[in-house]
Amino acid sequence: MKKRAGLLLAIVALMTLLCVVPIQAKTQVIVWGLNPLQVGSGNKEMIDAFNESHPDIELVPQSTPGTNGYATQDVAKLLAAIASGNPPDVTWLDRFTAAQFASRGALMAIDNYVEMQGFDVNNYYDYTINELRFNGQIWGLPWDTDTRPMYWNKEVFREVGLDPEAPPKTWDDLMLYSEKITRVDENGKFQRIGYIPGYGNTWLYLYGYANGAQFLSEDGRTALLNEPELVEALEYVVSFYESLGGTEKVAAYQSTFQGETNDPFLTGQVGMLVTVNNATQGYARYNPDLDYGSTLPPAPAGKPQTTWSGGWSYAIPRGAKHPAEAFEVIRWLTTEGIKVKEAGAAAYTLQRGSQYHIPFPAAYQPSNDYLVDKYVHAIDNDVIKNAVLGGLNAIEHSKARPVSPVGEVLWVELARANDRAIYGEMSPKQALDYAQRVVQRELDKFWRQFDREN
Amino acid sequence: MQKRRMGKGLGRGETIAGLLFASPWFIGFILFTAYPILSSIYFSFTDYNILSDPYWIGTENYIEMFNWDPAFWKSLWNTFYYVLFSVPLGISIGLMIALILNADIKSIAVYRTMYYMPSIVPIVAGSILWAWMFNPNYGLLTLAVEAIGLQAPAWLGDPRWAKPSLIIMSLWGAGGGMIIYLAGLKNIPKTYYEAAELDGANLFTRFRRITLPLLTPTLFFQLIMGIIGSFQVFTQAFIMTSGGPNDATLFYVLHLYRNAFQFWRMGYASAMAWVLFAIIMVFTVINWVGSRYWVHYDQG
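Every value quoted in this text rests on a predicted model; they were computed, and no experiment measured them.

Asks: Tell me about the overall build of chain B, and name the residues and values.
Replies: Looking only at helices and strands, chain B has 14 helices and two strands in total. Projecting the C-alpha coordinates of chain B onto the three principal axes gives extents of approximately 75 × 75 × 35 Å. The buried share of chain B, taken over its 300 residues, is 30%. Restricting the contact set of chain B to residue pairs at least 6 apart, pairs at least 24 apart contribute 68%.

This is the structure in structure tokens:
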């Protein structure tokens, strides 16, 4: 029945193709997750540049209905396309889910093409390419990398008598500084908070990695979620909320936060935060005069400061019609394309009237160096330039999420444990015991099937 | 009797033509509804990640659901809570609007349209709209609460208020029920009211003794459809809260969806779907049995 349905779909697809597309000499590579119509993104410039420089290949960005036009974050669509044997040639993929796709045979390993072309994947930042390795093979090429530095507002530091050039380096200092910055009005309502553990982009990965937690064993078969390092990290988060008067109270304050010009970091409602590095784009646009800095997030005393990164990739689904050409597309996009895209985006930024264009860090190191030279060093505002460089500097100290075929379960269960603990439903240990139980069971199930099939 | 007459009336060729014309529906139903439903029974006994072949594991999914998945119980509780409040509230408010809009006043159709409109707004658009209504700074609801001198809650941002917020939102669609009650009200012969009035029955008595009993078949229909629909509440939570905060709006179907398409546990999700089917079935049967005691079909 499945086959018959597939046949039906194939016939419909074929008919559509025959009607719409004239016979062409160029090989068409269908790409999901790249929207040429996204204003100011530079996507269109990038696609045009590819097609001009490749006489034999045509990059065809394809709309995927029901998913905001072009995004493939709605994985259901992609899954169905792969399962039915009619996937795009290239798909945009959140890197931390790559192992989940690869381990179920949903992607094509690209090692052959890498070897054939003598392409050096070591030019991608280690953790970005490593996030795409599973079972000894590479399953895609990394596109970008975010980092999570800590930003602190120097004006606020000055106001409360803290040294504006000395951000907190330890967890204890972070709590201490936060207490100094936090202001409450006569009714007990917050006017300003020094630091909120769950505000910005932190997650348990931030605190866990800072405390040396591993999350997953080396071989990826054992979850390590209720190990002391992670329990302590969650205890710290909980105690932070307690010191502020409880999660409900903080959440109520947080729910009044706004965006853009009224971003709480710009308005001084929050003195310090850890968030993704592209926050500087908004800060530069909405308040180029803000006096602030960026640095690595604090760690427990005596432990190295660290942070974590995510990012996207381009991968070739199993069953892609033109894998060799698809590889050329993803190689070009992640190395050369990203430069063209940033040029397009920069032109738009200037045309819009913003002074500074801050590029998003590329995962491909030579391209990133190029972008930093061209755009970051050109910024004539030292505060902004240093804040951006602080974010870039964090790349060296950053880790990716553990590569796991059950990455999504791990992600959701960690968030769940965090919520249960900060809302006082369970103790940190208890909440993590639960997460451990669920994730380990899922891991066991996965590896049981994996071992059966391999 | 009827059937035989139809068979005689139609020639063989006509029957075939009729079936042929209806065949797109039959084929669509068999291919895209019946077949998936039936296969999901099989999948519910397998480990199935969509991409690989399903692997038979017997009742393991069902055992896991009841013994290993705390989120399953929480989602079940959240869903019960939602059904328990949104269904009776939705029915009473829908009925109330219908009674008011049953009056014979000028341009009544305009008012009816106004109240009916929200129920035809796509749920996704409605959810985005209501996210603004609940905005803790400028949301209409927030301003309304503050206007009467109370402090507004953080609505969707507060685990204690997230479910009540979605229930409030569900009442926005009460106009959908209104249309059905209006039809039911129109069916009640005017003579009953005239007779009652002559006997000296006041407005309340007339409602209590005539309107309500004669409306019970409609109420019963709405109750059953309301329960079936509310148990499957999904879109609001998916769009507005993604199940949070602290799983306060993790509804059953949202948990099911995540298992299917985020964790790729299609076997487990299929098992969850059948358990939900059983739950809804039990409620429907209870309703059906209970209906004997309060639903009156003695109208005609």
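Asks: Account for the overall build of chain A, with residues named and values stated.
Replies: Scanning chain A from terminus to terminus reveals 18 helices and 16 strands. The C-alpha atoms of chain A give 24 Å as radius of gyration, which agrees with the globular expectation for 454 residues (22 Å, within 12%). For the C-alpha atoms alone, the extent of chain A along its principal axes is close to 75 × 55 × 40 Å. In chain A, buried positions account for 48% of the 454 residues. In chain A, the share of contacts with a sequence separation of at least 24, taken over all contacts with a separation of at least 6, comes to 76%.

Asks: Tell me about the sheet that holds strand β6 (residues 141-142) of chain A, and name the residues and values.
Replies: Residue and element names in this part refer to chain A. Strand order across the open sheet formed by five strands is β2-β1-β3-β15-β6, with mixed pairing between neighbours. Of all strands in the sheet, those with a lone pairing partner are β2 (57-62) and β6, marking the two edges. In the sheet, strand β1 (residues 27-32) pairs with β2 via six bridges, with the strands oriented parallel. Residue Val 29 lies in a different strand from β2, and its bridge partner there is Leu 59.

Asks: How would you summarise the interface of chain B and chain A if you had to cite specific residues and measurements?
Replies: Where interface size is quoted, it is often the accessible area lost as the parts come together. With 23 residues of chain B at the interface, the matching set in chain A holds 27 residues. Elements with a contribution of two residues or more to the side of chain B that touches chain A: α2 (12-43) and α13 (252-262) of chain B. Each residue belonging to the side of chain B that touches chain A can be placed in one class, and the counts come to 14 nonpolar, six polar and three charged.

Asks: Break down the nonpolar core for me, citing the residues and quoting the values.
Replies: Ranked by internal contacts, the top residues of the largest apolar core, which has 177 residues, are Trp 139, Tyr 151, Leu 234, Ile 316, Val 329, Ile 330 and Val 439 of chain A. Those residues in contact with Val 439 of chain A, other than ones at most four positions away along the chain, are Ala 223, Leu 225, Val 406, Val 409, Leu 410 and Glu 413 of chain A.

Asks: Got a sec to walk through the pairing of strand β15 (residues 312-315) of chain A? Specific residues and values, please.
Replies: All names here are of chain A. The alternating pattern of β15 places Trp 312 and Tyr 314 on one face and Ser 313 and Ala 315 on the opposite face, and all of these are buried. In this sheet, β15 lies alongside strand β3 (residues 90-94) in antiparallel orientation, the contact comprising four bridges. For Asp 94, the partnering residue across the bridge sits in β15 and is Trp 312. Two elements, β6 and β15, share two bridges in a ladder whose sense is antiparallel. The residue of β15 that forms the bridge with Leu 141 is Tyr 314.

Asks: Lay out the environment of Phe 220 of chain B with the relevant residues and their values.
Replies: When you line up the elements, Phe 220 of chain B lands in helix α11 (residues 203-231). Put simply, Phe 220 of chain B and Leu 76 of chain B are 144 residues apart on the chain and 24 Å apart in space, counted from C-alpha to C-alpha.

Asks: Hey, could you go over the environment of Phe 85 of chain B for me, with residue numbers and the actual values?
Replies: Topologically, Phe 85 of chain B is positioned in helix α4 (residues 70-100). Along the backbone, Phe 85 of chain B and Ile 167 of chain B are 82 residues apart, and their C-alpha atoms lie at a distance of 7.0 Å.

Asks: Before we move on, could you go through the sheet that holds strand β7 (residues 150-153) of chain A and cite the residues and values that matter?
Replies: All names here are of chain A. Spatially, three strands are ordered β12-β7-β13 in an open sheet, and the strand pairing comes out antiparallel. Here the strands that pair on one side only, and so sit at the sheet edges, are β12 (272-274) and β13 (292-295). Along the sheet, successive strands turn relative to each other by an average axial angle of 20°, direction set aside. For β7 and β13, the ladder comprises four bridges, and the chain directions are antiparallel. Paired with Tyr 151 across the two strands is Ser 294, which belongs to β13. Of the strands in this sheet, β7 and β13 touch helix α16 (residues 382-393), which is tilted by about 15° from β13.

Thresholds applied
- Along each chain, residue indices are assigned from 1 in the same order as the chain's sequence is written.
- Chain letters and ligand numbers both follow the written order, the letters beginning at A and the numbers at 1.
- It should be noted that, the model being predicted, local features are given only for residues of pLDDT at least 70 and side-chain atom pairs only at 80 or more, the latter also being counted only at that level, while totals for whole chains, interfaces and linings use all residues.
- What counts as a helix is a DSSP run of H or I of at least four residues, what counts as a strand is a run of E of at least two, and both are numbered from the N terminus.
- The exposure label follows from counting other C-beta atoms within 10 Å of a residue's C-beta, where the C-beta atoms are placed from the backbone and the thresholds are 20 or more for buried and 12 or fewer for exposed, leaving partly exposed in between.
- A residue pair is marked as a contact if its C-beta atoms, positioned from the backbone, fall within 7 Å.
- Both definitions apply: the radius of gyration is a C-alpha atom measure, and the globule rule equals 2.2 Å times residues to the power 0.38.
- A pair of strands is labelled paired if DSSP reports no fewer than 2 bridges between them.
- Note on residue categories: nonpolar means Ala, Val, Leu, Ile, Met, Phe, Trp, Tyr, Cys or Pro, charged means Asp, Glu, Lys or Arg, and polar means any other residue, Gly included.
- Only buried Ala, Val, Leu, Ile, Met, Phe, Trp, Tyr and Cys residues enter a nonpolar core, and they are joined through C-beta atoms within 7 Å.
- Orientation is described by lines fitted to C-alpha atoms, with helices fitted over the stretch in contact, and by angles between N-to-C directions that extend from 0 to 180 degrees.

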